[in-house]
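Commentary on secondary and tertiary structure
Single-letter residue listing:
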Amino acid sequence: MPTPPLAHEAGPGLHEIDVGAGRPALVHVPAAWTPSRPAACAVILHGSGSDPRQGLALLEPHAAAAGVIVAAPPSSDYTWDRIRGSFGPDVAIIDRLLRWVFARYDVAPRQLALGGFSDGASYALSLGLDHGELFPRLIALAPGFAAPVAPRGRPRIFIAHGNADRVLPAARCSRRVVPMLQGAGYEVRYLEFDGGHEVPSEVAREAVGEVTA
């Protein structure tokens, strides 16, 4: 769980962090950040073949306007390891990034989210359901599936998907995942929008609202 900072705060701005992945993670801390109050934080996972810059861009500029710290790790390979079969080094990468953030910023425990886009959304759901006691908010933007190993906790889940998505069609992805999660007792908010495999600005705004709620 987040704890009071153990080191001097790194301050606002964009930070590159070595997480042992061969390419740096990125953390953006809004200009309005202040050490006087706990901040909301979203760990956002990029899509297949992309990078942490995509992760940061998914929620901006709404995250900065809402005072949300956004942390974007890189996957160790072209996509996240659970998509390729099982959890592996990507869990350690995310853990190192969280340790860096928790050591420098006071993160509000109830406003810590794990989310992502496409493959990153599938990974966020899978890992987040296994660690729901750490991540009370999960944000899945155009996910393909959810494959947790040993679910714990009861995170609140926000899923959004374009009704014209041809990469991961909503009909065989989110429209199956959402009722499965609801049937398992999770609180799920589902937003299906007119669009393809993308994250429109209004959807990003809704996602940020879920982090800060």
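Residues numbered from 1 in each chain as written. Predicted model: local features only at pLDDT ≥ 70, side-chain atom pairs only at ≥ 80, totals over all residues. Heavy atoms only, no water.

1. Describing the nonpolar core
By size, the foremost hydrophobic cluster in this structure holds 43 residues, and its most contacted members are Val 27, Val 101, Ile 157 and Ile 159. Sort the elements by how many residues they give to this core and helix H3 (residues 89–104) lands first, with seven residues. For Ile 157, the contacting residues outside a window of four places in its chain are Leu 125, Leu 129, Leu 138, Leu 181, Tyr 186, Glu 187, Val 188 and Arg 189. Listed in part, the 23 residues of the second largest apolar core include Ala 42, Leu 56, Val 68 and Val 211. (Core = buried A, V, L, I, M, F, W, Y, C linked by side-chain atoms within 4.5 Å. Buried < 20%, exposed > 50% of the residue type's maximum accessible area, 1.4 Å probe, protein only. Helix = DSSP H or I, 4+ residues; strand = E, 2+ residues; numbered from the N terminus. Contact = heavy atoms within 4.5 Å.)

2. Quick look at the pattern of salt bridges
Taken as a whole and assessed by the stated rule, the structure comprises seven salt bridges. Its salt-bridge partner being Arg 99, residue Asp 95 comes within 2.8 Å of it at the nearest N-O pair. Placement of both Asp 95 and Arg 99 in helix H3 is noted, with a separation of four residues, approximately one turn of the helix. Look at Asp 95 and you get partly exposed, because its relative accessible area is 33%. Among the residues examined, Arg 99 registers a relative accessible area of 58% and is labelled exposed. (Salt bridge = Lys/Arg side-chain N within 4 Å of Asp/Glu carboxyl O.)

3. Details of the sheet that holds strand S1 (residues 13–17)
Ordered in space as S1-S2-S4-S3-S5-S6-S7-S8, the eight strands form an open sheet in which the pairing is mixed. Looking along the sheet, the strands with just one partner apiece sit at the ends: S1 and strand S8 (188–193). Across this sheet, the average inter-strand angle for adjacent strands is 15 degrees, counted without regard to direction. Sheet strands in contact with helix H4 (residues 119–130) are strand S3 (39–45), strand S5 (107–117), strand S6 (137–141) and strand S7 (156–162), and its direction is about 140 degrees off that of S5. (Pairing = 2+ DSSP bridges. Axes fitted to C-alpha atoms, helices over the stretch in contact; angles between N-to-C directions.)

4. A look at the packing of aromatic side chains
Enumeration over the complete set of coordinates arrives at four aromatic pairs. Geometrically, the ring pair formed by Phe 87 and Tyr 123 is edge-to-face, given 5.5 Å between the ring centres and 75 degrees between the ring planes. Of this pair, Phe 87 sits in the loop between strand S4 (69–72) and H3 while Tyr 123 sits in helix H4, and the two are 36 residues apart along the sequence. Look at Phe 87 and you get partly exposed, because its relative accessible area is 24%. Judged by relative accessible area, which is 0%, Tyr 123 ranks as buried. (Phe/Tyr/Trp six-rings, centres within 6.5 Å; stacked < 30°, edge-to-face > 60°.)

5. Digging into helix H1 (residues 52–59)
Two residues of an α-helix separated by three or four positions point the same way, owing to the 3.6 residues in each turn. Listed in full, the buried residues belonging to H1 are Pro 52, Gly 55, Leu 56, Leu 58 and Leu 59. Seen from one end, H1 has its buried residues packed into an arc of 155 degrees, which puts them on one side. One side-chain oxygen of the residue at the start of H1 lies 3.0 Å from the amide nitrogen of Arg 53, identifying that residue as Asp 51. (Arc of directions from axis to C-beta. Polar contact = N/O pair within 3.5 Å; in protein donor to acceptor, adjacent residues only side chain to side chain.)

6. Re helix H6 (residues 201–212)
A rise of 1.5 Å per residue sets the reference length of H6, with its twelve residues, at 16 Å; its end C-alpha atoms lie 17 Å apart and thus fit the reference within 8%. Buried within H6 are the following residues: Val 203, Ala 204, Ala 207, Val 208, Glu 210 and Val 211. Buried positions in H6, seen along its axis, are confined to an arc of 155 degrees and lie on one side of it. (Expected span 1.5 Å × (residues − 1).)

7. Side note on the pairing of S3
Burial runs high along S3: seven of the seven residues are buried. Here S3 shows two buried faces, one formed by Ala 39, Cys 41, Val 43 and Leu 45 and the other by Ala 40, Ala 42 and Ile 44. Of the pairings in the sheet, the one linking S3 to S4 comprises three bridges and is parallel in character. The residue bridging Cys 41 from the neighbouring strand is Ile 69, located in S4.

Geometry only, nothing functional implied.
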